[in-house]
Each structure stands twice: as C-alpha cells, then as structure tokens.
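Residues per chain, in single letters:
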Number of protein chains: 2
Amino acid sequence: MVTIYDIAKRANVSPMTVSRVINKSPLIKESTRLKVEEVIRELDYVPNKQARSLTSKETRLVALVIPDISNPFFTNIARGAEDKALQLGYHLILGNTDENPDKESQYIGMLMSAGVDGVLLVPSGEASASHVKKLVKRSIPFVYVDRIIPQVPADSISGDNLQTTRQLVQHLIALGHRKIAFINGPSSLSNVQERDQAFRETLQLAGIEPNPAYMVETHFKQDNFDEIIAKLVSLQQGERPTAILAANNFIGVNTLRALRTLQIRVPEEMAVTCFDDPDIIPDYNPFLTVAKQPAYDMGFLGMQLLIERIQSGAPASTRKIVLPSELIVRSSTGKPQE
Amino acid sequence: MVTIYDIAKRANVSPMTVSRVINKSPLIKESTRLKVEEVIRELDYVPNKQARSLTSKETRLVALVIPDISNPFFTNIARGAEDKALQLGYHLILGNTDENPDKESQYIGMLMSAGVDGVLLVPSGEASASHVKKLVKRSIPFVYVDRIIPQVPADSISGDNLQTTRQLVQHLIALGHRKIAFINGPSSLSNVQERDQAFRETLQLAGIEPNPAYMVETHFKQDNFDEIIAKLVSLQQGERPTAILAANNFIGVNTLRALRTLQIRVPEEMAVTCFDDPDIIPDYNPFLTVAKQPAYDMGFLGMQLLIERIQSGAPASTRKIVLPSELIVRSSTGKPQE
DNA sequence: CTGTTAGCGCCTTCAG
DNA sequence: CTGAAGGCGCTAACAG
C-alpha cells in the first residue's frame, strides 16, 4: 500500500507536505505542489480514509437507510439523496431494511461503526426508536424522510399526508363514491397515522361516516392481498365498497392484481387509487390514478438538511419540511366528466 | 466517544483484554468476558472500524456498483448481493453510476479509499477498464456481474446471452416473424456484443439474412425512443419490421410507449419482446413477453464468489458462471397457438 | 511555506 | 489467560 511516506520520499519532502497537498492547503508553493502531485499520480496513491478519519473525525460518508429497495418511491429518494450528496462532496452508503427493525438496527450499528457523518432515515416503525436514540447519544446527525419517530425529534422531510389523502378521497367522492375502503400500512408508522386521520376527517367533512369494515391495516411490502380484497368484496350486498384507496404503490398494484384474479373490473365495478406511482417509467402503464409524492425532492432536500446539520454542528431547532403531492388522474378511477 | 480504554478502566482490565473480548478470542476467562461485556453494554460502546481496519487491513465492507438503481433488474441483483453479504457477515455499500464511466470512476476511487474488501461490479463500458485496473493494482478482489471487461480478467457471473437471445428470436420466428428489429444497447458492453452476435446467428440458422436497417444501437437508460421507433416503422412498405426485440426492459417499455404514441397496435401490428421484466411485481402488468434473467441469483452467487475470493486470498483461476434465463410468453408477442 | 512531534483507536507481537 | 510496547496512515499543533 502506497502511503504519504512513500510519496514524501520520492518527492523529497516531508510527509506533512504531502498531506497538505492532498488536502489542498493553500500554503504550499506551486512548484512543490506540482511535484508532489506528479508522484502521487505515478504511484497511484489513494488516501486511506480510515487513517484520515481517525484524526479528523469525519468521513464525508453519509448513509441513506430505506425500507424497500425494490420500490420506485424509495429508489427515487435514493437518486435525489445521492445527487445532492455528490454535489456537496459526500458519498452515499445505501442500506435496505426490508421494513424490518432488526435489520435496521444492524445497519445503524454498522454505520456508526463505519463512522458515517450522518444518516438519512426512513424508519421502519416504532421499534426504530431505540436505534435512533443511539444516533442521538453519539451525536450523529440524522434526518427523517417520509416518516418520523415522534419520541425522538429531528429534522424531517415528508409528503403532505393530510393534503394528499384529502385530495385522493375528494377525487373519489367527486366521482360519486361514498363507500370507500382504505388499505393502509402498519399503524406504527407516522405517515400511516396521518393518512388514517385525514381519511376519516375528509369523509366526515363530506358527511360520510367512516365504516370500520372498510379500514384495513396491512404491510407496505408483503401480505396476502388476495385475502384482504376477497374479504372486502364479499361484504353483503349494498355494503361492498365501490372504491379502494391504497396507502402506497405496492398495495395499489397488488389490489389491482387481486381484483383481476377475482374478475372484478376496474374502474367499472371498483375504482382504485393509491399513493405514489408504481412504475419507474411513469407513463409506461398509464392506468392507475395516483397521488405522486415528490420522492426525488424528498431525497435531495433531505440530504441538504442533513449535510447542513453535519457542517454547522450548531443544533438549531428542528426543521420540518412538508412537500405537496400531485394528483394524477388516470383510468383506474374512471374519468369524472367525459 | 467511548473507546476500549474507557471500557478497560471501568472493568479493571487492560485495553488488550477488551480488544480480545470484542474479537471473541477464546483465550479469555468466562468471568472477565462477562464483566467486560457488561461494561460495553452500559457504555454503549461501538468499535471504531476505522481504527480497527488500520491495523487489520479488513473492513468487512463490500461494494456493489450498478449502473441504474431505478431498474428492477439491478435492484434485484442488489437484493441478492445484500442477502448473501449479510449472511456471511459483510455489509454492502451500494453505488449507482447511471451508466456513466466518470461517476463509476469516482465511486471506485472512494471505495478504495473507504477500504472495501471487495467489489461487485456491473461495468458501464470499455471506459471502465482503467478503474478496474486500479482495483487489480491494489489487489482488491472484484467480480463482474452481467457484463465483463475482457481486457481485465476476473471472476464473473452473467446471464446466458446467447441462449437467451436465441430463445427470444426463435419465439418470434415460431410466430411467423421474419422481419425482426433488434434495439440493442451500446456496443461497448460485453453482453450487448454477445446478444448482437447471437441475434445474427439465430436468424441465419433460420435462413433469414439480418437486415442492417433493423439493427439499432441505443442506450440502456435514456434515449429518444420515439425517434428510433418512428424511423423503424417508417421503412417503406413491405420493409417495416413486424417484431421488435429490445435488449433490456427499459428499452422494451419505451418501445411500447413509442408504439402507443404512434398508434401502432401490439401485438397485432408489431410484436414486442425484451430481456428482463420491467416491473417489480412481475405479474402486475402481464403484457410483455420477456426473457427473465435470474437477477437475484446473479447478485447472490456473485457475492459468494467475491467473498470466497476475499477470504481465500488464493487467486485460483478465474471462474465464470453463466445462468440461464426463463422465457415468459405473454401478450405482447401474441399467443402462438390458441 | 515546510518540517517535527505526538496521538487518533485498535491490534499484533511478545512477555509474563 | 492477561498485559505492555509499538505501529497502522494520517493530521493537528507547533515550531522553524
């Protein structure tokens, strides 16, 4: 392994001078800088981050921990986060937790051990509180994305769950639906709670009493949707919902699938809509009406918040950014007036 | 920051003993081990990877560098790679290059600097040769996934491009197509070259002479597909292809999209098929006929190759694993006999 | 502008 | 089974 000592010897300077060149110190004579740089190139020297961060206490490594790498919503967050990080001279470690708190805990542990300067986190549930507290204790800055752990306050960036839910529900109501089922995620998640509340409120404001039989709690990345949907549509005559709101794209797509299996036509017999586009290429399969959250921006701005906090160190009051969604009306809810 | 010295003091042992406990040395008395472990828990001690790897020369960090994090094919590779890595006690850093050799070069640099023990790489083209050589020079083990750089030999795992292409082309021929266009990726990629050759050979074996006008070279994650498709379908009467083979899911989906814009019906007027499923949820949108490469397995087995090489150190001869694909016939190519 | 000294947190090596 | 000494590669903090 080539070290600054090797460079120093070859260039007839002290190791410290080499260090200064690497770190772009301005107090280096142009000529010696050029010489050192040449030797660095010759020997293919790469600085050792471990050694560096041992003294400097910073790695310029940040992490993004997401619950589902196969979901375009989260990969879009990743793209945004990465772009911003690179732009500010940081590198990104991506961790995938599968919505599993144990895996999340493992990851956080390794990230601390690897010495990341900060973490962008989409927590997988209440159980995340304990690892998040560890970050606090070690004063490693972190920012919540999409969801928060209220017990442990920190900067956050998320979609506007209230407005988005309202938008979606009102769209359905405007189409004449009054029996609207809501297949939501696990109630331990902050965004799930917000969506649940917004759903109820919007219905009530429209004079519709929420029907407990229409409120289903499930998971964001796996479940037996055939069963869930079968149960919903088998409600006695006149009770069967005419529309389903799915709390994320994964649930939305699986709902469509289950309805197809049951040979229930969408949107004629059942309207379907959900949060977030299921496809990478948004208009490849323009069928599902969705409320699209600005995932890329969430990653991008979240990373900005994080790095600001890393660099200032000054713990100002926690900031909370909420971004609006865009309703994209397509065929799965039928066209209102046409 | 809590160090082994803090633990040592609290537990009335030497730092060295603490180190031994952390590293599960068997020559530690049960009682002192328990005591040390207790203090570790009390103080929430986390070992400092930087310091550790400074002496031990290993980080138990491996990297996966992929060209497109929004493509399900690659995220499936990532899932497989991560599962295997975790199972063997390694952690994964994920890097996204956007098929951009500069970004790839940057990433490789930072990975070397971060001291990863090995790299799983989907190279973005010939230009990758230079960074890959740096890995060789520093003797950091790496394994190619999906594509290789022939100039720099190393273990590799990929799909069977010949068999897969043949399968797809023969499927089209069996349906009666003889004018088959092939929209392939950039010719600097090894898998693109293999597919190109297999395409020509399969046609020739069937007595069809490849038509240069039908061979299009484009990119795997961006291009003006409307233009490409428009050009293909505007070929003079009798020359217009009746089927399009797309070299990956991204091209496949964009082909469908462009055909829709041009109001050309699939499969009636144009059959379409491609490599790899475009959706996360395979049967959400069961339309495209595809040859599905075992992406998850490629990641999983690739990681296994990599870690074997890291641990043995012994550079045996390079291994090359080739995995078969599965042809999934759906509606975009019409149903053969029904 | 450049060099020297010391130490980051841990582990290897060699003594007990 | 446990401890002491030294060093991994780099950079602060002082000298010059």
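Calculation criteria
- Residues numbered from 1 in each chain as written.
- Chains lettered and ligands numbered in written order.
- Predicted model: local features only at pLDDT ≥ 70, side-chain atom pairs only at ≥ 80, totals over all residues.
- Heavy atoms only, no water.
- Helix = DSSP H or I, 4+ residues; strand = E, 2+ residues; numbered from the N terminus.
- Rg over C-alpha atoms; globule rule 2.2 N^0.38 Å.
- Buried < 20%, exposed > 50% of the residue type's maximum accessible area, 1.4 Å probe, protein only.
- Contact = heavy atoms within 4.5 Å.
- Buried area = accessible area lost by both parts, 1.4 Å probe.
- Salt bridge = Lys/Arg side-chain N within 4 Å of Asp/Glu carboxyl O.
- Polar contact = N/O pair within 3.5 Å; in protein donor to acceptor, adjacent residues only side chain to side chain.
- Nonpolar A, V, L, I, M, F, W, Y, C, P; charged D, E, K, R; others polar.
- Near = heavy atom within 4 Å.
- Pairing = 2+ DSSP bridges.
- Axes fitted to C-alpha atoms, helices over the stretch in contact; angles between N-to-C directions.
- Least-squares fit on C-alpha atoms with pLDDT ≥ 70 in both.
- Domains from an automatic or database assignment.
- Phe/Tyr/Trp six-rings, centres within 6.5 Å; stacked < 30°, edge-to-face > 60°.
- Lys NZ or Arg CZ within 6 Å of the ring centre and 35° of its normal.

## Concerning the overall build of chain A
For step 1, the next point in the chain: Along the backbone of chain A there are twelve helices and twelve strands.
For step 2, the next point in the chain: A globule of 338 residues ought to have a C-alpha radius of gyration of about 20 Å, yet chain A, at 25 Å, is considerably larger.
For step 3, the next point in the chain: Considered along the principal axes of its C-alpha atoms, chain A spans approximately 90 × 40 × 30 Å.
For step 4, the next point in the chain: When burial is assessed residue by residue, chain A has 56% of its 338 residues classed as buried.

## Things to note about the interface of chain B and chain A
For step 1, the next point in the chain: Between chain B and chain A, the contact holds 57 residues from the first and 57 residues from the second.
For step 2, the next point in the chain: Here chain B and chain A share an interface that buries about 4900 Å² over both sides, 55% of which is from carbon and sulfur atoms.
For step 3, the next point in the chain: Taken together, the connections running from chain B to chain A amount to eight salt bridges.
For step 4, the next point in the chain: In this structure, A:Asp44 engages B:Lys137 in a salt bridge whose closest nitrogen and oxygen atoms are separated by 2.7 Å.
For step 5, the next point in the chain: For the interface between chain B and chain A, the tally reads 14 residue pairs in polar contact (both at pLDDT 80 or more).
For step 6, the next point in the chain: Those elements giving two or more residues to the side of chain B that touches chain A turn out to be helix 4 (49-56), helix 5 (72-87), strand 2 (91-96), helix 6 (101-114), helix 7 (129-137) and helix 11 (249-261) of chain B.
For step 7, the next point in the chain: Broken down by element, the residue count for the side of chain B that touches chain A peaks at eight residues, all from helix 6 of chain B.
For step 8, the next point in the chain: Here the residues of the side of chain B that touches chain A sort into 26 nonpolar, 14 polar and 17 charged.

## Points about the protein's contact with DNA strand D
For step 1, the next point in the chain: Around DNA strand D sit 27 residues in total, of which A:Ile4, A:Ser19, A:Tyr45, B:Thr17 and B:Arg20 are the nearest.
For step 2, the next point in the chain: At the protein interface, 60% of the atoms of DNA strand D within 4 Å belong to sugar or phosphate.
For step 3, the next point in the chain: The backbone of A:Asn48 places a nitrogen or oxygen atom 3.3 Å from a phosphate oxygen of DNA strand D.
For step 4, the next point in the chain: Within the contact set of DNA strand D, a base oxygen lies 2.3 Å away from a side-chain nitrogen or oxygen of B:Arg20.
For step 5, the next point in the chain: Among the elements that line the surface near DNA strand D, the one with the most residues is helix 4 (residues 49-56) of chain A, at four residues.

## Some points on the protein's contact with DNA strand C
For step 1, the next point in the chain: Near DNA strand C there are 27 residues, and of these A:Thr17, A:Arg20, B:Met16, B:Ser19 and B:Tyr45 occur at the shortest range.
For step 2, the next point in the chain: A share of 61% is what sugar and phosphate atoms reach among the atoms of DNA strand C within 4 Å of the protein.
For step 3, the next point in the chain: Within the contact set of DNA strand C, a phosphate oxygen lies 2.5 Å away from a side-chain nitrogen or oxygen of A:Thr17.
For step 4, the next point in the chain: Between A:Thr32 and DNA strand C, the recorded distance is 3.2 Å, taken from a side-chain N or O atom to a phosphate oxygen.
For step 5, the next point in the chain: Those elements that place two or more of their residues in the surface near DNA strand C are helix 2 (15-22) and helix 4 of chain A together with helix 1 (4-11), helix 2 (15-22) and helix 4 of chain B.
For step 6, the next point in the chain: In terms of residue count, helix 4 of chain B provides more of the surface near DNA strand C than any other element does, four residues in total.
For step 7, the next point in the chain: In the surface near DNA strand C, the residues fall into 13 nonpolar, nine polar and five charged.

## Description of the sheet that holds strand 5 (residues 155-159) of chain A
All names here are of chain A.
For step 1, the next point in the chain: The sheet built from six strands is open, its strands ordered 2-1-3-4-5-11 with parallel pairing. Looking along the sheet, the strands with just one partner apiece sit at the ends: strand 2 (91-96) and strand 11 (320-323). Going across the sheet, the axis of each strand differs from the next one's by a mean of 15 degrees, ignoring polarity.

## Some details on the pattern of salt bridges
For step 1, the next point in the chain: Here the structure, examined in full by the defined rule, presents 38 salt bridges over all chains.
For step 2, the next point in the chain: Residues A:Arg147 and A:Asp146 are paired through a salt bridge, measuring 3.5 Å at the closest nitrogen-oxygen approach.
For step 3, the next point in the chain: Judged by relative accessible area, which is 3%, A:Asp146 ranks as buried.
For step 4, the next point in the chain: The partner of B:Asp196 in a salt bridge is B:Arg200, and the shortest N-O contact between them spans 2.9 Å. With B:Asp196 and B:Arg200 both in helix 9 (residues 190-205), this residue pair falls four residues apart, about one helical turn.
For step 5, the next point in the chain: Judged by its relative accessible area of 23%, B:Asp196 is partly exposed.
For step 6, the next point in the chain: Bridged by salt links that share partners, the residues A:Asp68, A:Asp98, A:Lys103, A:Lys221, B:Arg79 and B:Glu82 form one connected network.

## Concerning the relation of the copies chain B and chain A
For step 1, the next point in the chain: Each copy of the sequence occupies a distinct position, and chain B is placed on chain A by a rotation of 180 degrees and an axial shift of 0.0 Å, giving an RMSD of 0.1 Å. In the structure described here, the two chain copies are related by an operation that fits a two-fold rotation axis. Residue B:Gln50 of chain B places its C-alpha closer to the rotation axis than any other residue of that unit, at 2.2 Å.
For step 2, the next point in the chain: Same-surface contact between copies: 100% of interface residues of chain B are shared with the interface of chain A.

## Points about the domain arrangement of chain A
All names here are of chain A.
For step 1, the next point in the chain: By the assigned domains, chain A splits into domain 1 (4-56), domain 2 (61-159 + 295-324) and domain 3 (161-293).
For step 2, the next point in the chain: On a C-alpha basis, the centres of domain 2 and domain 3 stand 28 Å from each other.
For step 3, the next point in the chain: The interface of domain 2 with domain 3 comprises 18 residues on the first partner and 18 residues on the second.
For step 4, the next point in the chain: Both sides of the domain 2 and domain 3 interface together cover about 1400 Å² of buried area, and 48% of this is carbon and sulfur.

## A few points about unusual backbone geometry
Note: most residues except glycine have negative phi, and most peptide bonds are trans.
For step 1, the next point in the chain: With an omega of 5 degrees, the peptide bond between A:Val266 and A:Pro267 qualifies as cis.
For step 2, the next point in the chain: Tracing the chain through its elements places A:Pro267 in the loop between helix 11 (249-261) and strand 9 (271-275).
For step 3, the next point in the chain: Phi at A:Arg60 takes a positive value of approximately 55 degrees, unusual for a residue other than glycine.
For step 4, the next point in the chain: Structurally, A:Arg60 is set in the loop between helix 4 and strand 1 (61-66).
For step 5, the next point in the chain: The phi dihedral of B:Asp276 falls on the positive side, at around 70 degrees, and the residue is not glycine.
For step 6, the next point in the chain: Within the secondary structure layout, B:Asp276 lies in the loop between strand 9 (271-275) and strand 10 (289-292).

## As for the packing of aromatic side chains
For step 1, the next point in the chain: What the rule picks out here adds up to ten aromatic pairs over all chains.
For step 2, the next point in the chain: For the ring pair A:Phe182 and A:Phe199, a centre distance of 4.7 Å and an interplane angle of 35 degrees mean the geometry is tilted. Residue A:Phe182 is found in strand 6 (residues 180-184), and its partner A:Phe199 is found in helix 9 (residues 190-205); the two are separated by 17 residues along the sequence.
For step 3, the next point in the chain: A relative accessible area of 1% places A:Phe182 in the buried class.
For step 4, the next point in the chain: Overall, A:Phe199 belongs to the buried group, its relative accessible area being 0%.
For step 5, the next point in the chain: The ring of A:Tyr90 is capped by A:Arg60, whose NZ or CZ atom sits 4.3 Å from the centre of that ring.
For step 6, the next point in the chain: Sitting above the plane of the B:Phe275 ring, B:Arg195 keeps its charged end 3.9 Å from the centroid.

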